[in-house]
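Survey of secondary and tertiary structure
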Amino acid sequence: MIIAIDGPAASGKGTLGKRLAAHYHYRHLDTGLIYRAVAKAMLDAGADLADEAVAAGIAQALDPAVFGDAALKTQEVGAAASVVSAHPQVRRELLAFQRNFAAGPPGAVLDGRDIGTVICPEAEVKIFVVARPEVRAHRRALEMRARGEQADEAAVLADILKRDERDRNRSAAPLRRADDAHELDNSELDIEGGVRAAIAIVDAARARR
Ligand code: C5P
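This one's a predicted model, so the numbers in the text were calculated from it and none came from an experiment.

Taken together, 16 residues form the shell around the ligand, and within it Thr31, Arg36, Arg91, Asp167 and Arg170 come nearest. Against a free-state accessible area of 460 Å², the protein chains account for coverage of 97% of the ligand. Those elements that provide at least two residues to the shell around the ligand are α1 (10–24), α2 (32–45), α4 (75–84) and α8 (153–169). Among the elements that line the shell around the ligand, the one with the most residues is α2, at three residues. Looking at the shell around the ligand residue by residue, the classes come out as three nonpolar, five polar and eight charged.

This is the structure in structure tokens:
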């Protein structure tokens with residue numbers, strides 16, 4: 001079974017995907033890390049983020065071993081990821097890797113922006129996670145402080161809104177809810193509550209099969 005988790009509520013999302021995968025003994029891929037890895041390599045190389053050909057070359061040569069790099073989690077890399085991920089050639093280079101990951105046994109949880117719409121439209125369960133932007137900014141600021149980074153919540157909120165806008169309005173794989181996705185608003189839920197709600201959605205889908 002493939003479980004697709006999409007939506008703008010990114011920070012809670014990685015945890016949700018990981019927790020769901022652990023619950024069902026499936027493999028987990030946080031696809032945001034892929035775009036973050038391309039973005040960080042661009043920043044490290046001093047490349048122009050707008051240079052689609054360079055970004056596509058980096059995407060093609062990407063080594064999944066870098067996905068564990070804690071430096072991928074910063075706000076700067078996230079903002080750069082939102083720029084490089086808008087390049088159609090970059091998304092094309094990363095498609096096969098994501099589809100191969102999803103197809104392997106025993107099942108997989110992928111989270112991102114376009115899993116249910118583009119990468120795995122055939123996913124048996126699709127969950128679209130949303131939360132109020134202010135709630136997401138607060139969570140993101142707490143995460144940043146926990147990592148020892150400075151966080152100005154108003155600036156984090158502005159960044160979130162800008163990124164959402166870019167993700168929704170780009171022409172290549174824009175962020176949108178698949179028609180057959182279940183919307184999960186976790187504004188009023190803690191992580192445990194969000195995980196329970198998602199498990200209920202998946203269990204109901206499994207029972208129908
Ligand atoms: O989810 P995360 O914050 O790590 O994603 C960083 C950026 O990568 C997003 O803002 C989005 O622009 C891009 N992304 C994407 N498609 C995905 C996952 C992430 O375009 N499947």
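In this section: the nonpolar core. Of all hydrophobic cores here, the largest spans 31 residues; its most connected members are Ile34, Val38, Met42, Leu62, Leu94, Leu110 and Cys120. For this core, the secondary structure elements donating two or more residues are β1 (2–6), α2, α3 (52–60), α4, α5 (88–103), β3 (108–112) and α6 (115–119). By residue number, the principal contributor to this core is α2, which donates seven residues. Among all residues touching Val38, those that are not within four sequence positions of it are Ala55, Ile58, Ala59, Leu62, Val84 and Leu94. Core analysis: the second largest hydrophobic core is formed by 21 residues, Met1, Leu20, Ala198 and Val202 among them.

Once that is clear, we can look at the pairing of strand β4 (residues 125–130). Counting buried positions over the six residues of β4 gives six, a clear majority of the element. Covered by surrounding structure in β4 are Val125, Ile127 and Val129 together with Lys126, Phe128 and Val130, the residues of both alternating faces. Pairing of β1 with β4, which is carried by four bridges, proceeds in the parallel orientation. Paired with Asp6 across the strands is Phe128, a residue of β4. Across four bridges, β4 lies against strand β5 (residues 182–185) in parallel orientation. Considered in β5, the bridge of Phe128 is made with Glu183.

So, how was this worked out
- Each chain has its residues counted from 1, following the order in which its sequence is written.
- Under the rules for a predicted model, residues below a pLDDT of 70 receive no local features and side-chain atom pairs below 80 are neither given nor counted, while totals for whole chains, interfaces and linings still include all residues.
- In computing side-chain values, all of the structure's heavy atoms are included and hydrogens and water are not.
- Put simply, a residue is near a molecule or strand once any heavy atom of it comes within 4 Å of that molecule or strand.
- The protein chains shown are the only cover counted for residues, whose accessible areas, like all others here, come from Shrake-Rupley with a 1.4 Å probe.
- Counting from the N terminus, the helices are the DSSP runs of H or I reaching at least four residues and the strands are the DSSP runs of E reaching at least two.
- By the convention adopted, Pro, Cys, Tyr, Trp, Phe, Met, Ile, Leu, Val and Ala count as nonpolar, Lys, Arg, Asp and Glu as charged, and the other residues, Gly among them, as polar.
- What we call a nonpolar core is a set of buried Ala, Val, Leu, Ile, Met, Phe, Trp, Tyr and Cys residues that are connected through their side-chain atoms within 4.5 Å.
- Accessible area is worked out with a 1.4 Å probe on protein chains only. A residue is then buried under 20% of its type maximum, exposed over 50%, and partly exposed in between.
- A contact between two residues is defined here by any heavy atoms of the two lying within 4.5 Å.
- Pairing between strands is defined by DSSP: at least two bridges between the two strands are required.

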